Amino acid sequence: MPATDAPPMVRLRGVQKHFGALHVLRDVDLDVAAGEVVVVVGPSGSGKSTLCRTINRLEPVASGEVLVDGVPVPAEGAALARLRADVGMVFQSFDLFAHRTVLDNLCMAPVMVRGIPKAQARTEAMALLERVGIADKAGHFPAQLSGGQQQRAAIARALAMKPKVMLFDEPTSALDPEMVAEVLAVMTSLAEDGMTMVVVTHEMGFARRAADRVVFMDAGAIVEVAPPEQFFAGGGSDRTRSFLSAVLQH
């Protein structure tokens, strides 16, 4: 885990979020250091995905502060677009452009947003496709790929922007079981290479293997934050132990 004296790459302070009468984030405080992998777990409806989506303002907050690399997340406009260029996001659904080839999916944003020359963008995109194991699919359209291949393409597309932090919102939940492992292998490789990552997932094996810290949420609040070996030893709160007993017996 990185040294804690460096300023955090992501900081949330006193974050509150409501959906109508539903209080989905309750006074959330969280720091994520540069190069750290934080895995967020908890029961359905606990606020995990909402927390993840507040970091790049896909969900605006009612109150509190969200900073990325020391800069408050802007409310709108060009400043928000610039921040989102630095924050890669991978969703449950792959959200690839169906009418573009895999290679074109990777090249569009670097060329249009970063201003990278097309030839350079293609070279870098092919290197990323090689890294995630689907270089042979560069000329294919998303519908010609399996779900696991589409999600690996989505990860490569996010990496093509050279983000400072990667957010993963349940990236394997839409996949058939045999495809989960190939996506988690790519994510584990990113973690080992020092990418700053916030990962919302039900994959406890990934949390054990790749996380620097595990964040457990329930009812919109952070209940516990601990290294994986401590978290999975069940030494925390009663609510944590109850959750673990439920998810680890399956």
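See the structure printed just above.
Below is a short write-up of the structure. (Residues numbered from 1 in each chain as written. Predicted model: local features only at pLDDT ≥ 70, side-chain atom pairs only at ≥ 80, totals over all residues. Heavy atoms only, no water.)

1. Focus on the environment of Gln150
Here's step 1: Mapped onto the fold, Gln150 is located in helix 5 (residues 147-159).
Here's step 2: Placed 64 residues apart in sequence, Gln150 and Val214 show a C-alpha to C-alpha distance of 27 Å.
Here's step 3: The residues touching Gln150, leaving out its near neighbours within four places in the chain, are Phe94, Leu96, Pro142 and Leu145. (Helix = DSSP H or I, 4+ residues; strand = E, 2+ residues; numbered from the N terminus. Contact = heavy atoms within 4.5 Å.)

2. Quick word on the packing of aromatic side chains
Here's step 1: Scanning the model with the defined rule gives 3 aromatic pairs in all.
Here's step 2: On the numbers, 6.3 Å between centres and 50° between planes, the contact of Phe216 with Phe231 is tilted. Placement of the pair is Phe216 in strand 9 (residues 213-218) and Phe231 in helix 8 (residues 228-232), with a sequence separation of 15 residues. As far as burial versus exposure is concerned, Phe216 and Phe231 are alike and both buried.
Here's step 3: Taken together, the ring pairs connect Phe216, Phe231, Phe232 and Phe243 into an aromatic cluster.
Here's step 4: Over the ring of Phe232 we find Arg208, and its NZ or CZ is 4.4 Å from the ring centre. (Phe/Tyr/Trp six-rings, centres within 6.5 Å; stacked < 30°, edge-to-face > 60°. Buried < 20%, exposed > 50% of the residue type's maximum accessible area, 1.4 Å probe, protein only. Lys NZ or Arg CZ within 6 Å of the ring centre and 35° of its normal.)

3. Observations regarding helix 5
Here's step 1: Taking 1.5 Å as the rise per residue, helix 5 with 13 residues should run 18 Å; its terminal C-alpha atoms sit 18 Å apart, in good agreement.
Here's step 2: With respect to burial, helix 5 is a largely interior element, 12 of its 13 residues being buried.
Here's step 3: Inspection of helix 5 places Gly147, Gly148, Gln149, Gln150, Gln151, Arg152, Ala153, Ala154, Ile155, Ala156, Ala158 and Leu159 among the buried residues, and these make up the whole buried set.
Here's step 4: In this structure, the buried residues of helix 5 make contact with strand 6 (87-90), helix 3 (102-112), helix 4 (118-131), strand 7 (165-169) and helix 6 (177-192). (Expected span 1.5 Å × (residues − 1).)

4. Concerning the side chain of Thr54
Here's step 1: Along the chain, the position of Thr54 falls in helix 1 (residues 48-54).
Here's step 2: Overall, Thr54 belongs to the buried group, its relative accessible area being 2%.
Here's step 3: Setting aside anything within four residues of it in sequence, one finds Thr54 in contact with Leu12, Leu25, Glu59, Val61 and Val66.

5. A short note on the environment of Gly70
Here's step 1: Here Gly70 lies in the loop between strand 4 (63-68) and strand 5 (71-72).
Here's step 2: C-alpha of Gly70 to C-alpha of Val225: the two residues are 155 residues apart in sequence and 22 Å apart in space.

6. Considering the layout of surface pockets
Here's step 1: Space inside the largest pocket adds up to approximately 630 Å³.
Here's step 2: Arg84, Val87, Met89, Ala109 and Met161 are the residues nearest the centre of the largest pocket, which is lined by 24 residues in total.
Here's step 3: The set of elements that each furnish at least two residues to the lining of the largest pocket consists of helix 2 (77-86), strand 6, helix 3 and helix 5.
Here's step 4: In terms of residue class, the lining of the largest pocket is built from 16 nonpolar, 4 polar and 4 charged.
Here's step 5: In this model, the second largest pocket occupies a volume close to 170 Å³.
Here's step 6: Looking at the second largest pocket, the residues that line it are Arg100, Asp104, Cys107, Met108, Val111, Met112, Lys118, Ala121 and Arg122.
Here's step 7: At the level of secondary structure, the elements contributing two or more residues to the lining of the second largest pocket comprise helix 3 and helix 4.
Here's step 8: Within the lining of the second largest pocket, the residues separate by chemical class into 5 nonpolar, no polar and 4 charged. (1 Å grid on protein atoms, 1.4 Å probe; cavity = no way out; pocket = protein on both sides within 12 Å on 5 of 7 lines; lining within 4 Å. Points joined across faces, edges and corners; volume = space filled by probe spheres on them. Nonpolar A, V, L, I, M, F, W, Y, C, P; charged D, E, K, R; others polar.)

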